[in-house]
Amino acid sequence: MTSAKPQSRPVVFLDRDGTLNVEAGYIHQLERLVLIPGAAEAVSRLNQANVAAVLVTNQSGAARGYYPESHILDLNNRLVELLKKEGAYLDALYYCPHLPDGIVEEFTSTCQCRKPEIGLVERACADDQSLDSNRAYVVGDKSTDVELAHNIGGKGVLVRTGYGDQVLEGTYQWPVKPDYIAEEITEAIDWILTDLKIETKAF
Ligand SMILES: [Mg+2]
Ligand SMILES: [Zn+2]
């Protein structure tokens, strides 16, 4: 076998809480992590279109002392299992456990990976050379997600689930200009797949 350079593919960076699973505050019990209806099917459509689906999530619960870091992994594993039951998978998962004013010292550093900082995306691209950073999208429910998209030179889709509506009303975080506002993850992925087709045609 020759080691051919992996074919480059578009990538969608997906937020977790309020985007793939129902926003439920800091989730202590694993069973409380529940998918938003349509989320698995939306991820599966990315899988079938050969568009990478990469989770990037800020998880400050460990830094706040709410639970150990291993619980973040347990929650992510549950997400993976729920997606798998419906035939969908994530290409990779990354989380930022840091919070400068957290109370658990090992996580209180000022990091380069807490969204909207781009550290998680940089790690993803270093780990998987097939990701095409020129065709990158971020889907999330917070201003931080839209800002991350713009920080990486990609397109940001704000979903109205989770905190999305509050962001739009101006009552949460700060005003941002998403490239698209979607009712939920299904519509977000619809828009991205259409957007990718248009770009492909244009070239
Ligand atoms: Mg979120
Ligand atoms: Zn971090």
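Residues numbered from 1 in each chain as written. Chains lettered and ligands numbered in written order. Predicted model: local features only at pLDDT ≥ 70, side-chain atom pairs only at ≥ 80, totals over all residues.

**Thoughts on the overall build of the protein**
If you tally the helices and strands in the protein, you get six helices and six strands. Computed over the C-alpha atoms, the radius of gyration of the protein is 16 Å, within 12% of the 17 Å expected from 2.2 N^0.38 for a compact globule of 203 residues. In terms of overall dimensions, the protein has a C-alpha envelope of 50 × 45 × 35 Å along the principal axes. A buried classification covers 44% of the 203 residues belonging to the protein. A separation of at least 24 residues holds for 65% of the contacts in the protein among residues at least 6 apart in sequence. (Helix = DSSP H or I, 4+ residues; strand = E, 2+ residues; numbered from the N terminus. Rg over C-alpha atoms; globule rule 2.2 N^0.38 Å. Buried ≥ 20, exposed ≤ 12 C-beta atoms within 10 Å, placed from the backbone. Contact = placed C-beta atoms within 7 Å.)

**Description of helix α2 (residues 69-85)**
Its 17 residues give α2 an end-to-end C-alpha distance of 25 Å, which sits within 8% of 24 Å, the value for a rise of 1.5 Å per residue. Among all positions of α2, only Ile72, Leu75, Leu79 and Leu83 are buried. The buried residues of α2 occupy an angular sector of 80° when the element is viewed end-on, so they sit on one face. Opposite the buried face of α2, at more than 90 degrees from it, the exposed residues are Ser70, Glu81, Lys84 and Lys85. (Expected span 1.5 Å × (residues − 1). Arc of directions from axis to C-beta.)

**Side note on the nonpolar core**
Counting 55 residues, the largest nonpolar core has Val12, Phe13 and Val54 as its most contacted members. Those residues within four positions of Val12 in sequence are excluded, and the remaining contacts are Leu46, Val51, Ala52, Ala53, Tyr137, Val139 and Ile192. (Core = buried A, V, L, I, M, F, W, Y, C linked by C-beta atoms within 7 Å.)

**Here's the deal with the pairing of strand β1 (residues 9-14)**
Of all six residues in β1, five are buried, a share of seventy percent or more. Judged from the five bridges that link them, β1 and strand β4 (residues 131-140) form a sheet pairing that is parallel. Bridge assignment links Phe13 to a residue of β4, and that residue is Val138. In this structure, β1 lies alongside strand β2 (residues 52-58), joined through four bridges in parallel fashion. Counted as the bridge partner of Val12 is Ala53 from β2. (Pairing = 2+ DSSP bridges.)

**Side note on the environment of Gln59**
Structurally, the position occupied by Gln59 is in the loop between β2 and α2. The class of Gln59 is buried, set by 25 C-beta atoms lying within 10 Å. Along the primary structure Gln59 and Glu69 are separated by 10 residues, whereas in three dimensions their C-alpha atoms are 9.1 Å apart. Residues in contact with Gln59, not counting those within four places in the same chain, are Ile72, Tyr95, Cys96 and Pro97.

**What about the environment of Leu120?**
With respect to the helices and strands, Leu120 occurs in helix α3 (residues 119-127). For Leu120, a count of 25 C-beta atoms within 10 Å corresponds to the buried category. Between the alpha carbons of Leu120 and Leu55 there is a distance of 9.2 Å; along the sequence they are 65 residues apart. Apart from residues lying up to four places away in sequence, Leu120 is in contact with Val56, Tyr94, Cys96 and Cys113.

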